[in-house]
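Breakdown of the fold
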Amino acid sequence: MHDLKWIRENPDAFDAGLARRGLDPRSAALIRLDGERRAAQTRLQELQASRNETSKQIGIIKKQGGDVSAIMDEIAKLKEDIPLLEAQEKSLSEEIDGILAAIPNLPGADVPDGPDEEHNVEIRRWGQPGAFDFQPLEHDAIGAKLGLMDFDGAAKLSGARFVVLKGKLARLERALAQFMLDVQTEQHGYTEISPPTLVKDGALFGTGQLPKFGDDLFKTNTGHWLIPTAEVPLTNLVGDSIVDEAALPIRMTALTLCYRSEAGAAGKDTRGMIRQHQFWKVEMVSIAHPDQSEAEHQRMTACAETILQKLELPYRTIVLCTGDMGFSSQKTYDIEVWLPGQGRYREISSCSNCGDFQARRMKARFKGDKGNRFVHTLNGSGLAVGRTLVAVLENYQQADGSVRVPEALKPYMGGLEVIA
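- Under the annotation held in an unreviewed UniProt entry, the protein carries the name Serine--tRNA ligase and is attributed to Magnetospirillum gryphiswaldense.
- Looking at the Pathway (unreviewed entry) heading of the UniProt record, one finds this comment for the protein: "Aminoacyl-tRNA biosynthesis; selenocysteinyl-tRNA(Sec) biosynthesis; L-seryl-tRNA(Sec) from L-serine and tRNA(Sec): step 1/1."
- Regarding the protein, the relevant UniProt record gives this comment under Sequence similarities (unreviewed entry): "Belongs to the class-II aminoacyl-tRNA synthetase family. Type-1 seryl-tRNA synthetase subfamily."

What follows is the structure, given as structure tokens:
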């Protein structure tokens, strides 16, 4: 959500930010509507004051034995005009709020400009892709050869974009999730949370999925939504509240199932586990002081990268351009892991600084020496469990179809060294 006062004072800067997103100017229309609303509010206050003053005069005139019919007519007219103005003010407020709710966050000054992912900028790489003396397979072929990855069985139960993992692959998925949680809590200081995975409209509005992206979500017949990521419940834990400045930053992590309809992904990644309707993910969320959010963003990204380093999986980190960022983000780093079966890097984590955009939507503030201010919110994957399993299968595959277990995961796999 945007600060209308800031838009009035900085209309050119606001429109310039939208232009970097590829959007048309909106400041003039918003300022015009805001002017009409403020005029209606002022006139409404004047009429209410006049009504109160006129009502006082009735008693005085009656005591003096005077005629109050003219004043009664005036009050009757006010009673007609005031509800009309109230309705006008409410309608204008709703129109302004609706426009603001659908406008994405403005990109940070250091975000590269560009219309799409082709303009993202790589900032670093870690590790070297391994050399294979055989043609590496993609993960779904590896899983099929092992007999432990069943897409057909999942389709019978749930349709496309689901999978059934069995035996050692099911344990590998569990091991990865436990490993990620242990690193983020024990080494990086995140507090583990077990949140609900069904939320109400307000939670999704707060983090920016609603009202614009409802088609990307699953909704129940009770009015609840299945979360697309634990960012939603974790960030909203500070909604409608004022936290103490000394408590910042608040760092939380959660392992949850996530659900996405993939409405805009027709024809993309229809095979395998890259793009599923249901998947496990370890999410990180930070609630930070505005002065520290950039440093927190760098830290969070490093926390996500650490998982890949410990698993010895090659990756690269990129900063997204203005045309590829998410709705609520003002700056995003994507981490892409190397998949030898596909012969390319694929996203495995997205770490975003949302500034005060989400905080304004959910009224999340902190109390400091200068009064109440909006917090900054950040979120990132630490990591997507299914995609990490994909990366392990493809990077640790062997010529005979078996898969080596990364050293970091052996304690979580009961000492197992090879999945065969």
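Next comes the rest of the account.
1. Description of the overall build of the protein
- If you tally the helices and strands in the protein, you get twelve helices and 18 strands.
- The C-alpha atoms of the protein give a radius of gyration of 27 Å, which is well past the 22 Å a tight globule of 420 residues would have.
- Oriented by its inertia axes, the alpha-carbon framework of the protein measures out at about 105 × 45 × 40 Å.
- Within the protein, the proportion of its 420 residues that are buried is 49%.
- Excluding contacts between residues fewer than 6 apart, the proportion of contacts in the protein whose partners are at least 24 apart in sequence is 72%.
- Just so you have it, the protein exposes about 19,800 Å², and 48% of that area is on carbon and sulfur atoms.

2. Points about the packing of helix 7 (residues 167-187) against helix 10 (residues 293-310)
- For the pair helix 7 and helix 10, interaxial distance at closest approach is 10 Å and the crossing angle is 130°. Judged on the interaxial angle alone, helix 10 and helix 7 are oblique. Judged by the sense of rotation from one axis to the other, the crossing of helix 7 with helix 10 is right-handed. Taking contact as the criterion, the partners of Phe179, Met180, Val183, Gln184 and Gln187 in helix 7 are, on helix 10, Cys303, Ala304, Thr306, Ile307 and Lys310.

3. Things to note about the domain arrangement of the protein
- Per the domain assignment, the segments making up the protein are domain 1 (4-102) and domain 2 (117-419).
- Put simply, the middle of domain 1 and the middle of domain 2, counted by C-alpha atoms, are 45 Å apart.
- Each side of the interface is counted separately: domain 1 has four residues, and domain 2 has nine residues.
- Where domain 1 meets domain 2, there are zero salt bridges.
- Linking domain 1 to domain 2 there are seven residue pairs in polar contact (both at pLDDT 80 or more).
- Its residues placed into classes, the side of domain 1 that touches domain 2 shows two nonpolar, no polar and two charged.

4. Description of the packing of aromatic side chains
- Going through the model one piece at a time under the given rule, you end up with six aromatic pairs.
- Where tryptophan 126 meets tyrosine 315, the ring centres are 5.8 Å apart and the plane angle is 15°; that geometry is what we call stacked. On the criterion of sequence distance, the pair formed by tryptophan 126 in strand 1 (residues 121-126) and tyrosine 315 in strand 11 (residues 315-319) is long-range, its members being 189 residues apart.
- Overall, tyrosine 315 belongs to the buried group, its relative accessible area being 1%.
- Seen in terms of ring centroids, phenylalanine 179 and tyrosine 412 are 6.0 Å apart; in terms of plane orientation they differ by 75°. Their pairing is edge-to-face. Separated by 233 residues along the polypeptide, phenylalanine 179 in helix 7 and tyrosine 412 in the loop between strand 17 (403-404) and strand 18 (418-419) bring together distant segments of the chain.
- With a relative accessible area of 23%, tyrosine 412 lands in the partly exposed category.
- One aromatic cluster is present, formed by Phe213, Phe327 and Phe357 through successive ring pairs.

Calculation notes
- Residues numbered from 1 in each chain as written.
- Predicted model: local features only at pLDDT ≥ 70, side-chain atom pairs only at ≥ 80, totals over all residues.
- Heavy atoms only, no water.
- UniProt positions renumbered as here; feature names shortened; annotations may be inferred.
- Helix = DSSP H or I, 4+ residues; strand = E, 2+ residues; numbered from the N terminus.
- Rg over C-alpha atoms; globule rule 2.2 N^0.38 Å.
- Buried < 20%, exposed > 50% of the residue type's maximum accessible area, 1.4 Å probe, protein only.
- Contact = heavy atoms within 4.5 Å.
- Areas by Shrake-Rupley, 256 points an atom, 1.4 Å probe, with all protein chains shown as cover.
- Axes fitted to C-alpha atoms, helices over the stretch in contact; angles between N-to-C directions.
- Parallel < 35°, antiparallel > 145°, perpendicular 65-115°, else oblique.
- Left-handed = near helix turned anticlockwise from the far one by under 90°.
- Domains from an automatic or database assignment.
- Salt bridge = Lys/Arg side-chain N within 4 Å of Asp/Glu carboxyl O.
- Polar contact = N/O pair within 3.5 Å; in protein donor to acceptor, adjacent residues only side chain to side chain.
- Nonpolar A, V, L, I, M, F, W, Y, C, P; charged D, E, K, R; others polar.
- Phe/Tyr/Trp six-rings, centres within 6.5 Å; stacked < 30°, edge-to-face > 60°.

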